[in-house]
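Summary of the model geometry
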Amino acid sequence: MTQEFSFAVLSSDRDREFRVLEVINLSGKKMSMELSRKTVKRKQAVITSSLNFVIPKDLPYGDYTLITSIEAKGTEKKTVSAGFKVVR
């Protein structure tokens, strides 16, 4: 399964660097698990976030959500989620 989305970090100062924090969580079946956390420095740009997620064979049946949160400039936050279902 692949989750992908784009976001922009912009400033009137073209040389400004942003600290961008990306956190990806999996939730469902009375559980929540952080899959990834990374911080990068970027100049202003449109950035594409991509996660290739292999569903574990032992993941219990049910509905799940991948939640990606992006924080830039220390305050602005964007959250994107995608659901999937594990069936027999």
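Each chain carries its own residue numbering, running from 1 in the written order of its sequence. With pLDDT at 70 or above as the cut-off, local features in this predicted model cover only qualifying residues; side-chain atom pairs require 80 or more to be listed or tallied, and sums for whole chains, interfaces and linings still use all residues. Derived side-chain values reflect all non-hydrogen atoms in the structure, with water molecules and hydrogen atoms excluded from consideration.

Some points on the pairing of strand β3 (residues 31–43)
As a reminder of what qualifies: By the convention used here, strands pair only if DSSP detects at least 2 bridges between them. Helix and strand definitions here come from DSSP, where helices need a minimum of 4 consecutive H or I residues and strands a minimum of 2 consecutive E residues; each element is numbered from the N-terminal end.
Pairing geometry for strand β2 (residues 17–28) and β3, over 12 bridges, is antiparallel. Counterpart to Asn 25 in the pairing with β3 is Glu 34.

As for the pattern of salt bridges
Where charged atoms of side chains with opposite charge meet at close range, the side chains can pair. Threshold: Note on definitions: salt bridges are taken to be side-chain nitrogens of Lys or Arg within 4 Å of carboxyl oxygens of Asp or Glu. Whether a residue is buried, partly exposed or exposed follows from its accessible area with a 1.4 Å probe, protein chains only, as a fraction of its type maximum: under 20%, in between, or over 50%, in that order.
Considering all chains together, one arrives at 3 salt bridges under this definition. Between Glu 22 and Lys 38 there is a salt bridge whose closest N-O contact spans 3.4 Å. Of this pair, Glu 22 sits in strand β2 while Lys 38 is found in strand β3, placing the two residues 16 residues apart along the sequence. Taking relative accessible area as the criterion, Glu 22 reaches 6% and is therefore assigned buried. We note a salt bridge from Lys 85 to Asp 63, for which the minimum N-O separation is 3.9 Å.

Honestly, it's all geometry; don't read function into it.
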